[in-house]
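Coordinate inspection notes
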Amino acid sequence: GAVVSQHPSRVICKSGTSVKIECRSLDFQATTMFWYRQFPKQSLMLMATSNEGSKATYEQGVEKDKFLINHASLTLSTLTVTSAHPEDSSFYICSAIKMGGDQPQHFGDGTRLSIL
Amino acid sequence: GDSVTQMEGPVTLSEEAFLTINCTYTATGYPSLFWYVQYPGEGLQLLLKATKADDKGSNKGFEATYRKETTSFHLEKGSVQVSDSAVYFCALSDLHYGQNFVFGPGTRLSVLP
């Protein structure tokens with residue numbers, strides 16, 4: 001149990017395009033989801049914390065108008081990279097926490113975004 | 001703020017060699033400590049964890065002991081396999097599982113047959 005699915009796993013698109021990445025908890029309800037960004041050969045950097053039904057909390061330095069997060073249900077959060085540029089190319093990973101208490105984060109398999 | 005430092009990689013070993021990946025941390029309070037593994041093209045998987053001093057986490061032949069006196073959580077495995085090739089991240093959190101993860105930079109391990 002506790003499977004988190006990300007879609008798409010890989011996307012290549014032209015500069016200026018907006019790209020939506022979905023993060024779904026398949027077999028549990030997630031009150032909180034997290035979005036991370038990972039540059040090549042570097043660690044994960046937390047971008048934002050997403051709580052169902054409320055606005056996301058962004059980390060310092062992350063442009064909230066650039067990276068739109070919607071957590072519309074207890075099983076789905078989306079990250080939209082608006083007007084993407086080559087510097088937005090990265091590996092984006094989401095994680096989700098089950099409802100109730102001190103629960104572990106379950107990570108998705110990530111989405112590799114390449115902007116040409 | 002809290003931070004995690006790992007030995008720089010990449011680490012290249014022959015199959016059945018002994019593995020150590022060093023991890024040290026700085027934190028206020030008493031964090032929980034974790035090792036995550038990332039296989040190529042995938043997300044992170046929890047490998048093991050320890051929630052208090054002197055706890056030993058173990059899984060799949062890997063183990064790490066929470067050393068408060070040296071603020072360390074070194075990862076060890078007695079005999080590595082090719083399938084262990086991955087990137088290993090040390091992390092800390094202020095909760096047993098945590099919402100406030102701080103990840104180390106990761107150490108890439110390559111095991112040669």
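In case you missed it, the structure is sitting above this.
If you're wondering where the values come from, they're calculated on a predicted model, not measured in any experiment.

This part is about the interface of chain A and chain B. Interfaces are often sized by the accessible area lost when the parts come together. With 19 residues of chain A at the contact, the number on the chain B side is 17 residues. Of the roughly 1400 Å² buried between chain A and chain B on both sides combined, carbon and sulfur atoms contribute 57%. Along the contact surface separating chain A from chain B lie 3 residue pairs in polar contact (both at pLDDT 80 or more). Where the side of chain A that touches chain B is concerned, the elements lending two or more residues are strand E4 (30-38), strand E9 (90-98) and strand E10 (105-107) of chain A. For the side of chain A that touches chain B, the leading source of residues is E4(A), giving 4 residues. Here the residues of the side of chain A that touches chain B sort into 8 nonpolar, 8 polar and 3 charged.

Our focus in this paragraph is the packing of aromatic side chains. The full count for this structure, using the stated rule, is 14 aromatic pairs over all chains. Seen from their ring centres, A:Tyr36 and B:Phe103 are 5.8 Å apart, and the 85 degrees between their planes marks the pair as edge-to-face. Separated into two different chains, A:Tyr36 in strand E4 and B:Phe103 in strand E11 (residues 102-103) make up a pair that spans both. Note on A:Tyr36: relative accessible area 1%, which makes it buried. The structure contains a cluster of three or more aromatic residues connected by ring pairs, namely A:Phe34, A:Tyr36, A:Phe107, B:Phe34, B:Tyr36, B:Phe89, B:Phe101 and B:Phe103.

So, how was this worked out
Residues numbered from 1 in each chain as written. Chains lettered and ligands numbered in written order. Predicted model: local features only at pLDDT ≥ 70, side-chain atom pairs only at ≥ 80, totals over all residues. Heavy atoms only, no water. Contact = heavy atoms within 4.5 Å. Buried area = accessible area lost by both parts, 1.4 Å probe. Polar contact = N/O pair within 3.5 Å; in protein donor to acceptor, adjacent residues only side chain to side chain. Helix = DSSP H or I, 4+ residues; strand = E, 2+ residues; numbered from the N terminus. Nonpolar A, V, L, I, M, F, W, Y, C, P; charged D, E, K, R; others polar. Phe/Tyr/Trp six-rings, centres within 6.5 Å; stacked < 30°, edge-to-face > 60°. Buried < 20%, exposed > 50% of the residue type's maximum accessible area, 1.4 Å probe, protein only.

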